[in-house]
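One letter stands for each residue in the lines below.
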Amino acid sequence: MKKTLIGFTVAAALLAAYPLFAKEAEAPEAPEQPSELMDAIASASKEMRAAYGQSPELARVLAQWPWRFSAETTEKLTKVFGSAQPLRVTPAPAPKGTRAYDIRLQPFSFVERDKRQIDWSALHMKLALRKNGDSLRAHTDWPSVKFSRAGEQLLLSDISADSRQERGADGFWYGSTRARIGSMVFDGVDGIAARLKVQDGDAAARDYQFAAPQAGAGGKAGTIRFDDLRFANTLKKRGAHADLEYQASIKSISAGGHALERVNLELRLLHIDTAALVPLRKKFEQTPQGSRSAAQLADLMLPPLKDFARRALLGGASLSLDDLSARFLGQTASVKGRVGFEQLTESDVATLGGTLKKLTVQLEMRMPLAMLHALAGAYTRHDLSMKNGRPPSEAELAVASKELSDRLIDGVLDKAYARIEDGELRSSIAYSKGKLSINGKDMEQHQMAPADALARTMSPPTKLKATCAKVPYPAGVGKLHLELSFVIDAEGHTRDIELTRSSGYPDYDRASMAAALVCSWTPGRFNGKAVEVKMTENTDEDTEQEKPEAGAEWGK
């Protein structure tokens with residue numbers, strides 16, 4: 001069947017967040033208590049899979065509802081839900097040749113042993129099936145779901161979903177599903193920051209509080225709010241292939257006095273060989289899951305997944321990113337593009353290096369300069385407030401935010417990573433035949449080496465510790481977090497030092513930057529040649545760790 005009762009599918013998706021509320025802030029060292037709710041659901045699911053198989057026919061399950069569970073599972077369900085049948089299925093009037101059902105999940109409130117709590121209102125679904133089970137129409141409404149524990153709460157409101165599906169001759173369901181969440185509100189960011197302070201230090205707590213250090217737009221302090229979340233996916237049959245379209249949008253995300261608007265994602269996975277999916281589906285249906293761990297299931301499913309990936313690539317599957325965009329203070333940044341492969345052969349897909357040689361990427365990225373200035377101002381206001389213990393004056397904010405935005409703009413322009421056109425930073429990125437170009441300029445240092453040669457072509461800089469001074473902690477301080485970013489040039493000298501995470505002690509920050517400047521290094525090498533490498537250095541307690549930045553720039 002498409003899913004074992006779509007209402008439970010919606011519930012399961014939301015319950016995936018439930019383990020996030022696993023521990024009490026006051027006792028992070030306590031072992032996690034097993035969830036009685038999840039255990040009851042798992043027991044019921046295991047018995048239904050044993051009776052109907054991994055992918056049972058929905059019409060058969062509904063016709064035989066209510067399912068009679070074992071005494072053990074009945075006891076678990078009754079303890080949690082107050083009933084062994086929390087889901088009620090009632091036949092409803094339907095046109096000739098169709099079966100219709102009214103499905104209701106009873107209201108629910110339950111407190112776990114570790115004080116986690118989940119509450120939801122009644123879920124209501126209207127479902128219609130052709131008698132042969134090859135056509136499905138469903139509409140679901142769920143007014144609210146709430147997860148909570150001491151000091152934290154996640155509330156989802158006004159949830160709805162519509163699904164229209166037709167099963168093809170190949171056994172796959174084609175059609176569309178659309179879902180909406182009216183609002184998702186997370187109260188308790190301050191509580192998370194407090195736990196981070198206990199577990200990871202003041203700096204981690206301050207970094208997290210950037211999300212909500214003060215009253216959010218339209219909300220209260222410590223709150224992150226998402227409004228009007230919409231999701232849609234459509235699977236379309238194209239002869240022997242299929243196209244999968246996915247859309248997600250959020251009207252607004254409000255936190256910390258700021259609002260990000262019109263967040264949108266639209267992508268398509270094109271030219272999927274449906275015949276390649278058949279062995280994967282059969283393997284899943286034939287694999288009993290109840291007694292296996294996640295690792296065991298992953299090991300069992302990995303070979304068919306690899307085979308599907310191989311056949312999909314050989315069949316010409318590609319990814320189209322039609323839109324990834326967001327709006328801030330009236331300005332919109334966006335990314336569009338396409339990822340695919342030149343004609344692949346069996347020998348190409350036999351190795352990662354061979355596959356990457358045929359990779360083709362086209363991306364177009366745009367950000368208005370006004371948006372960059374606005375983001376720099378928002379970050380700078382927060383950063384200066386945390387460093388100085390007070391809000392900055394307008395003059396201080398203007399100077400600091402301009403310095404930051406100018407530094408960012410100059411950096412991308414100097415390296416030709418972007419160009420300015422019609423008041424926007426624009427970047428056209430192309431990757432083909434193992435070579436990367438940005439705005440038409442070849443970036444030779446980024447040429448893709450075969451996977452088995454990467455270890456031989458790159459080696460990071462190494463600090464000569466005898467040349468470096470260790471900065472003592474401020475008196476009475478036993479734990480600090482500090483992050484620096486800098487460049488090690490081809491002669492092993494340090495330059496362009498930036499403080500990317502403050503320790504919270506300005507004098508210690510300045511001393512650490514001065515000490516980093518006089519350190520000497522053996523230079524990094526690319527293809528045997530000494531090159532510039534951008535590095536980050538993290539100080540955590542008494543341990544210093546240096547590493548190239550993710551996607552580090554390896555100069556010529």
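Before going into details, it helps to say that this report is about the structure given with it.

Conventions used here
- Residues numbered from 1 in each chain as written.
- Predicted model: local features only at pLDDT ≥ 70, side-chain atom pairs only at ≥ 80, totals over all residues.
- Heavy atoms only, no water.
- Helix = DSSP H or I, 4+ residues; strand = E, 2+ residues; numbered from the N terminus.
- Buried < 20%, exposed > 50% of the residue type's maximum accessible area, 1.4 Å probe, protein only.
- Areas by Shrake-Rupley, 256 points an atom, 1.4 Å probe, with all protein chains shown as cover.
- Salt bridge = Lys/Arg side-chain N within 4 Å of Asp/Glu carboxyl O.
- Axes fitted to C-alpha atoms, helices over the stretch in contact; angles between N-to-C directions.
- Parallel < 35°, antiparallel > 145°, perpendicular 65-115°, else oblique.
- Left-handed = near helix turned anticlockwise from the far one by under 90°.
- Contact = heavy atoms within 4.5 Å.
- Nonpolar A, V, L, I, M, F, W, Y, C, P; charged D, E, K, R; others polar.
- Expected span 1.5 Å × (residues − 1).
- Arc of directions from axis to C-beta.
- Polar contact = N/O pair within 3.5 Å; in protein donor to acceptor, adjacent residues only side chain to side chain.
- Pairing = 2+ DSSP bridges.

1. Some remarks on the overall build of the protein
Consideration 1: Counting secondary structure elements, the protein contains 14 helices and 27 strands.
Consideration 2: Burial statistics for the protein: of 556 residues in total, 41% are counted as buried.
Consideration 3: As presented, the protein carries roughly 29000 Å² of accessible surface, and 56% of it is formed by carbon and sulfur atoms.

2. Section: the pattern of salt bridges
Consideration 1: Under the criterion given, the structure shown has 37 salt bridges.
Consideration 2: Residue Lys 76 is joined to Glu 72 by a salt bridge in which the shortest nitrogen-to-oxygen separation is 3.7 Å. Linking Lys 76 with Glu 72, this pair stays in helix α4 (residues 71-81), spanning four residues, or about one helical turn.
Consideration 3: For Lys 76, a relative accessible area of 22% puts it in the partly exposed group.
Consideration 4: A residue is classified by how much of its surface remains accessible, and Glu 72, at 54% relative accessible area, is exposed.
Consideration 5: In this structure, a network of salt bridges that share partners links the residues Glu 364, Arg 366, Arg 419, Glu 421, Asp 422, Glu 424 and Arg 426.

3. A look at the packing of helix α2 (residues 36-52) against α4
Consideration 1: Contact geometry of α2 with α4 gives a least axis separation of 9 Å together with a crossing angle of 140°. Taken together, the axis directions place α2 and α4 in an arrangement best described as oblique. In this structure, α2 meets α4 at a crossing whose hand is left-handed. Residues Glu 36, Leu 37, Asp 39, Ala 40, Ile 41, Ser 43, Ala 44 and Glu 47 of α2 pack against Thr 73, Lys 76, Leu 77, Lys 79, Val 80 and Phe 81 of α4.
Consideration 2: Looking at the contact of α2 with α4, its residues break down into seven nonpolar, two polar and five charged.

4. Quick look at unusual backbone geometry
Consideration 1: Pro 66 follows Trp 65 through a cis peptide bond whose omega is 5°.
Consideration 2: Tracing the backbone shows Pro 66 in the loop between α3 (58-63) and α4.
Consideration 3: Here the phi dihedral of Arg 262 falls at roughly 50°; this positive angle occurs in a residue that is not glycine.
Consideration 4: Secondary-structure assignment places Arg 262 in strand β11 (residues 258-273).

5. Observations concerning helix α11 (residues 369-388)
Consideration 1: With 20 residues, α11 should reach 28 Å at 1.5 Å per residue; the first-to-last C-alpha distance of 28 Å fits that figure.
Consideration 2: Those residues of α11 that sit buried are Leu 369, Met 371, Leu 372, Ala 376, Gly 377, Ala 378, Thr 380, His 382 and Leu 384.
Consideration 3: Of the residues one or two after α11, Gly 389 is the one with positive phi, at around 75°.

6. Quick notes on the environment of Met 371
Consideration 1: As for its position among the elements, Met 371 is in helix α11.
Consideration 2: Classification of Met 371 as buried rests on a relative accessible area of 4%.
Consideration 3: Taking the C-alpha atoms as reference, Met 371 lies 7.3 Å from Thr 332; in sequence the two are 39 residues apart.
Consideration 4: Residue contacts for Met 371: discarding those within four places in its chain leaves Ala 326, Phe 328, Gln 331, Thr 332 and Ala 333.

7. What about α4?
Consideration 1: Along α4, the residues classified as buried are Thr 73, Leu 77, Val 80 and Phe 81. Buried residues of α4 fall within an arc of 80° about the axis and therefore sit on the same side. Residues of α4 that are exposed and angled more than 90 degrees away from the buried face: Ala 71, Glu 72, Glu 75 and Lys 79.
Consideration 2: Where α4 is buried, its residues touch α2, β3 (108-111) and β4 (117-120).

8. Description of the side chain of Asp 489
Consideration 1: By secondary structure assignment, the location of Asp 489 is in the loop between β21 (481-488) and β22 (494-501).
Consideration 2: A polar atom in the side chain of Asp 489 sits 2.9 Å from the backbone nitrogen of Glu 491.
Consideration 3: Of note is the side chain of Asp 489, whose polar atom sits 2.8 Å from the backbone nitrogen of His 493.

9. Section: the pairing of strand β7 (residues 152-167)
Consideration 1: Where strand β6 (residues 135-149) and β7 come together, 14 bridges link them in antiparallel fashion. Counted as the bridge partner of Lys 146 is Leu 155 from β7.
Consideration 2: Between β6 and the antiparallel strand that follows it, β7, lie two residues; Gly 151 among them carries a positive phi value of about 80°.
Consideration 3: As judged from the 14 bridges shared by β7 and strand β8 (residues 173-187), these two strands associate in the antiparallel manner. The partner of Ser 157 across the bridge, within β8, is Ser 183.
Consideration 4: Turn length for the β7-β8 hairpin, with the two strands adjacent in sequence and antiparallel, is five residues, and the turn residue Gly 171 shows positive phi of about 90°.

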